[in-house]
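Report on the structure
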Amino acid sequence: MNEQQQSLLVQSASRFPPPQGIKLSYGTAGFRADASILQSTVFRIGILAALRSLKTGGAVIGLMITASHNKVSDNGVKVADPAGEMLTQDWEPFADSVANAPDPESLIQLIADFAKKEDIPLNGSKGATVLLGRDTRPSGESLVEAAKQGICSVIGAVGIDIGVVTTPQLHWIVRARNKDSKPSASELDYFDQVSTSFRCLIDLIPNKSQHGIGKLIVDCANGVGGEKLQVLKQKLNWSDVEIRNSGEQGVLNEQVGADYVQKDKVAPQGFGPPDVGVRCASLDGDADRLVYFTIIPNGNNRINLVDGDKILSLFALFIKDQLSILTDYTNEYQPRVGVVQTAYANGASTKYLNQLGLHVIFTPTGVKYLHEKAHEFDIGIYFEANGHGTILFSNRFLRWLEDKKSTEKSLEKQNAAMRLWAVSKLINQAVGDALSGLLLVEAILQHMGWSVEKWNELYHDLPSRQLKVKVADRTAVVTTNAETIVEKPPGIQEAITALTVKYPQGRCFVRPSGTEDVVRVYAEARTQEAADELATSVAKLVDQFLGFHVGM
Ligand code: G16
């Protein structure tokens, strides 16, 4: 590192002292904490993003300020790699060290050592570009400013602020600028692409007039999804959609949004008895998760949840149907379709997917893991039960499809190829995206002529319950086997197993959250009462092993 670079870093780093006595970790999806302590972290991750751009030959890197489903007073920062995907996991330890360096001198030493090891030119000879986006949190603007300061303290690096966007939009734009050779790609291109491909799917519906599926109401978690869905609604002239909780009145993620609806299995604020019989959906605060639901008549706000597993099943079914039109055993090339889930996937969904003849793989929680696995297939469909997921298409498959679109003689096969092509354009190739996912669900339901009830009948979820437990130190919980077994603290897994075997069809696991300071408990059993009881007993166990009384 030359002297000019060194002194620039020293000067700027001293304006962003790290919070004392707090250790931050990159976690499941970037750093998250109370917004008031994040200035220094975000500044430093700005530096990291600029280094990542230099390392990748000047590719555009994304930096998103969001704490997604977390409460409004929190915020966070995550980095998108050139393909729009999550920051490579190889760099996470560096992100942790950078965020936790105690003073400017140690920070600069870390950067110098890392740049040397990674052969990153730190002499201003190369340019670097970082795109900055943020959700609607009030702390977002000043954190974007801190990130810019970090980026600008790397000579030759520029930060471009694209304002308020959904997390998936930022990832999409980064990908488009690098991979699709659209150096000026913006939100407008995103809206154009998703609306054009959605229209294409609708145009390809046979006997369209018979397939009206009625009104949709979308809860936008009082977050960024509201204004963005409004744009799509106008673009598509989509009168059947009603947007609620768009942020004008309520509080972000407070008793609204996909996380609340999925975990508590109740209707979000602003929904009630008049909505019985209507198809409803919920996005989360930064619009990267999607779930559907219907309100149970006289059900005291309870809902029938149609979660990420069911979205995955619907997508898998549609893709399988189109592929079966397009291919038969005589085809030389048989596209490999795979499905990726986590331990949170309802056992009934996995059984259903297996029955469809699909290859199902499990990874730990975190889209970064699922996304990576999904790449191993020609068509890799991944979803977390919480509604975060997408479908990835390999280049080989897309080339094959391109050929099929133009060479197939049968109109039926041509249309199937066109549909799959449109899906690949609609669904976000960089990351799970609630808006494009919502459009795909709507297009498929219309294609099938299915109501949400019919969709929900694909299989019956085993009753489940999720709880969170506040503990003294969540990092004391270490898991293995895609988070289904606890290795540490010793003895806890045996105790969980002893409780679980008492319940018919019982299944239970615990894992430390990577986005909140809690340990999560998931339980499944034959009846709701049993699932609730199992979850509660295991939560008590976690508290006994790790609660605040430990060590006090
Ligand atoms: C993030 C991740 C998801 C993960 C969720 C909860 O979602 O992107 O993959 O499922 O956190 O993670 P944990 O259980 O570790 O807290 P989001 O929507 O908050 O970005």
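The name an unreviewed UniProt entry assigns to the chain is Phosphoacetylglucosamine mutase, from the organism Helianthus annuus. Here the chain is described in UniProt, under the heading Pathway (unreviewed entry), as follows: "Nucleotide-sugar biosynthesis; UDP-N-acetyl-alpha-D-glucosamine biosynthesis; N-acetyl-alpha-D-glucosamine 1-phosphate from alpha-D-glucosamine 6-phosphate (route I): step 2/2." Listed in UniProt under the heading Sequence similarities (unreviewed entry), the comment for the chain reads: "Belongs to the phosphohexose mutase family."

1. Focus: the pattern of salt bridges
Inspection of the entire model under this criterion finds 27 salt bridges. Salt bridges sharing common partners tie together Lys215, Glu242, Arg244 and Asp275.

2. Topic: the site of the ligand
Residues in contact with the ligand amount to 20 residues; listed here are only the nearest, His69, Glu384, Ser513, Gly514 and Thr515. A distance of 2.7 Å is found between an oxygen atom of the ligand and a side-chain nitrogen or oxygen belonging to arginine 32. Contacts to the ligand include aspartate 288, whose side-chain N or O atom sits 3.2 Å from an oxygen atom. Relative to its unbound accessible surface of 460 Å², the ligand loses 98% to contact with the protein. Here the residues of the shell around the ligand sort into 2 nonpolar, 10 polar and 8 charged.

3. A short note on the domain arrangement of the chain
Assigned domains within the chain: domain 1 (3–164), domain 2 (195–304), domain 3 (309–436) and domain 4 (464–551). Each of domain 2 and domain 4 has a C-alpha centre, and the two are 32 Å apart.

4. Re unusual backbone geometry
A cis amide bond links lysine 488 to the next residue, proline 489, at an omega of 0°. For proline 489, the location among the structural elements is in the loop between β17 (485–488) and α17 (492–500). At asparagine 222, a position not held by glycine, the phi torsion is positive, near 55°. Inspection of the secondary structure assignment puts asparagine 222 in the loop between β6 (216–219) and α8 (225–236). With a phi angle near 60°, asparagine 481 is a residue other than glycine that sits in the positive phi range. Within the secondary structure, asparagine 481 sits in the loop between β16 (478–480) and β17.

Definitions and limits used
- Residues numbered from 1 in each chain as written.
- Predicted model: local features only at pLDDT ≥ 70, side-chain atom pairs only at ≥ 80, totals over all residues.
- Heavy atoms only, no water.
- UniProt positions renumbered as here; feature names shortened; annotations may be inferred.
- Salt bridge = Lys/Arg side-chain N within 4 Å of Asp/Glu carboxyl O.
- Near = heavy atom within 4 Å.
- Polar contact = N/O pair within 3.5 Å; in protein donor to acceptor, adjacent residues only side chain to side chain.
- Areas by Shrake-Rupley, 256 points an atom, 1.4 Å probe, with all protein chains shown as cover.
- Nonpolar A, V, L, I, M, F, W, Y, C, P; charged D, E, K, R; others polar.
- Domains from an automatic or database assignment.
- Helix = DSSP H or I, 4+ residues; strand = E, 2+ residues; numbered from the N terminus.

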